[in-house]
Amino acid sequence: MNGVIMRKHIFVCSLNIRMTISKITTLVNTFWLREQILCRGSSLTKRNLKVLDTSWMPEPEVDGYKQFYQESHIPTSLYFDLKKVSPPVPGSSIKFQIPSTNLFQEYVGNLGITNNTHVVAYDRFNTRPSFRTWFLFKLFGHDKVSVLNGGLRKWLTDGFHVTTEEPVVEKEQFKVMLRKHLLRDFEAIQTNLQTAQEQLMDARGIKDYYVTDDGNSGGHIPGAKNIPFSSLFNEDGTVKAENELKKLFDEAGINLTKPLVSSCQTGMTACGLIAAAHILGKDDVALYNGSYHEWSARADASQIVKEKQGKEHVLNQ
């Protein structure tokens, strides 16, 4: 009887491995991931699935590896350090840099990830770093990447355990293919103000997109349509259903059949809107990585829209 059960388990694991390799979705759920982890006794599964804990806070003094990952993480997961991948550049108006191809290739290879590996990213907070990680892999030509829907919060809610054990991995070869068409810089956004060839969306919250009553904060790039990052999620932290996501884009006046660029404050939550569009079948949304942090520092005052809800006016115009 035990032999029958073992053969059945091996068959299920083999089937799941083939599904992992052949069908990669933007999101995976906790039950699917748990089943994959249970199958990790296979060396094939180990090479073809890597779970990455991307838990991150923007403050320089916060060490995500020590303060989050070492505290507890999903079994078999490795820590993906966005601060090491995107080190700051002194004097730059871009808060979070896009890593060089050499840096990204080396860092990812050191995690035992190959070009055939299905990467699953999660975090313990609000999915900002998970979607940023998802976008970086897509940007560097790796389509076999997903985000754990609901992250660590959903994993724990579903009753699955965590660990402090850190897996040992062997370095692998990972080759990148930078997709430059998925990035926009300051000059490209300025040009688009004249040509209007691409739609621009803004993932910041309403309080940042619109100006405050005293006019001392808030504002956005002209023409940018607002879909707050927080509006993508259900109360349990999972991403909303496709029809609800589509409604958000429709209500913002965004046409998913036309060119689209995503922005936010620093290039983090903008990746969430890119992933939402990807769920809806649009896989060519570009990121303005500098986003409003760079724009507000470099743009002319006339290129910053100071808009209150219900009434729009442009600064100094």
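The structure we're discussing is the one just above.
Residues numbered from 1 in each chain as written. Predicted model: local features only at pLDDT ≥ 70, side-chain atom pairs only at ≥ 80, totals over all residues. Heavy atoms only, no water.

**Details of the overall build of the protein**
Scanning the protein from terminus to terminus reveals 13 helices and twelve strands. Buried residues in the protein amount to 50% of all 317 residues. The long-range share in the protein, meaning contacts at least 24 apart out of those at least 6 apart in sequence, stands at 76%. For the protein, the accessible surface area stands at approximately 15,500 Å², while carbon and sulfur atoms represent 51% of it. (Helix = DSSP H or I, 4+ residues; strand = E, 2+ residues; numbered from the N terminus. Buried < 20%, exposed > 50% of the residue type's maximum accessible area, 1.4 Å probe, protein only. Contact = heavy atoms within 4.5 Å. Areas by Shrake-Rupley, 256 points an atom, 1.4 Å probe, with all protein chains shown as cover.)

**Here we look at the pattern of salt bridges**
Considering all chains together, one arrives at twelve salt bridges under this definition. Arg 179 is the salt-bridge partner of Asp 143, the closest N and O atoms lying 2.8 Å from each other. With a gap of 36 residues between them, Asp 143 in the loop between helix H7 (128-139) and strand E5 (145-148) and Arg 179 in the loop between helix H8 (151-157) and strand E6 (183-184) connect regions that are remote in the sequence. A residue is classified by how much of its surface remains accessible, and Arg 179, at 17% relative accessible area, is buried. (Salt bridge = Lys/Arg side-chain N within 4 Å of Asp/Glu carboxyl O.)

**Quick notes on the pairing of strand E9 (residues 260-263)**
The alternating pattern of E9 places Leu 260 and Ser 262 on one face and Val 261 and Ser 263 on the opposite face, and all of these are buried. Judged from the four bridges that link them, strand E7 (residues 199-202) and E9 form a sheet pairing that is parallel. Its bridge partner lying in E9, Leu 200 is registered against Val 261. Pairing of E9 with strand E10 (residues 286-288), which is carried by two bridges, proceeds in the parallel orientation. In the strand pairing of E10, Ser 262 is matched with Leu 287. A crossover connection joins E9 to the parallel E10 through helix H12 (residues 270-279); in handedness this β-α-β unit is right-handed. (Pairing = 2+ DSSP bridges. Right-handed = clockwise from strand over helix to strand, strands pointing away.)

**Here we look at H12**
Taken across its ten residues, H12 has eight buried, putting it largely inside the fold. Inspection of H12 places Ala 270, Cys 271, Gly 272, Leu 273, Ile 274, Ala 275, Ala 276 and Ala 277 among the buried residues, and these make up the whole buried set. Contacts from the buried residues of H12 go to H7, E7, helix H11 (242-251), E9 and E10. Gly 281 lies just past H12 and shows a positive phi near 100 degrees.

**Some details on the packing of H7 against H12**
Relative orientation of the contacting elements H7 and H12 amounts to 65 degrees, with a least axis distance of 8 Å. The angle between the axes of H7 and H12 places the two elements in the roughly perpendicular class. Helix-helix and strand crossings are classified by hand; for H7 and H12 the assignment is left-handed. In this structure, H7 uses Phe 131, Arg 132, Trp 134, Phe 135 and Lys 138 to contact H12, whose residues at the interface are Cys 271, Gly 272, Ile 274, Ala 275 and His 278. Its residues assigned to classes, the contact of H7 with H12 shows six nonpolar, two polar and two charged. (Axes fitted to C-alpha atoms, helices over the stretch in contact; angles between N-to-C directions. Parallel < 35°, antiparallel > 145°, perpendicular 65-115°, else oblique. Left-handed = near helix turned anticlockwise from the far one by under 90°. Nonpolar A, V, L, I, M, F, W, Y, C, P; charged D, E, K, R; others polar.)

**Some remarks on the nonpolar core**
Formed by 50 residues in total, the largest nonpolar core has its most connected members in Phe 80, Phe 104, Phe 131, Phe 137, Leu 232 and Phe 249. Contributing elements (two or more residues each) for this core: helix H5 (82-85), helix H6 (101-110), H7, E5, H11 and H12. With seven residues, H12 is the single largest residue contributor to this core. Non-local contacts of Phe 80, meaning those with residues more than four positions away in its chain, are made with Leu 52, Asp 53, Thr 54, Val 85, Phe 104, Tyr 107, Val 108, Leu 111, Thr 133 and Phe 137. The next biggest cluster of nonpolar side chains, apart from the first, holds 13 residues, and it includes Val 28, Ile 37, Val 120 and Leu 148. (Core = buried A, V, L, I, M, F, W, Y, C linked by side-chain atoms within 4.5 Å.)

**Let's talk about unusual backbone geometry**
Residue Thr 76 is not a glycine yet carries a positive backbone phi of 75 degrees. Residue Ser 291 is not a glycine yet carries a positive backbone phi of 50 degrees. On the secondary structure map, Ser 291 appears in helix H13 (residues 291-298).

**Some details on the sheet that holds strand E4 (residues 118-122)**
Backbone-to-backbone hydrogen bonds join strands into a sheet, with any given pair of strands oriented parallel or antiparallel. Read across the sheet, five strands follow the order E1-E5-E4-E2-E3 without closing on themselves; strand pairing throughout is parallel. Every other strand in the sheet has two partners, leaving strand E1 (27-28) and strand E3 (78-79) as the edge strands with one partner each. With five bridges joining them, strand E2 (residues 49-53) and E4 adopt parallel strand pairing. Pairing of Asp 53 across the sheet is with Tyr 122, part of E4.

**Here we look at the sheet that holds E7**
Here five strands make up an open sheet; going across it, the order is E6-E10-E9-E7-E8 and the pairing parallel. Strands at the two margins of the open sheet, each flanked by one partner only, are E6 and strand E8 (225-226).

**A short note on helix H2 (residues 30-38)**
What H2 keeps buried is the set Thr 30, Trp 32, Leu 33, Gln 36 and Ile 37. For H2, the angular spread of the buried residues around the axis is 160 degrees, confining them to a single face. Residue Asn 29 occupies the N-cap position of H2, its side-chain oxygen lying 3.1 Å from the main-chain nitrogen of Phe 31. (Arc of directions from axis to C-beta. Polar contact = N/O pair within 3.5 Å; in protein donor to acceptor, adjacent residues only side chain to side chain.)

By themselves, these observations are geometric and do not establish any function.
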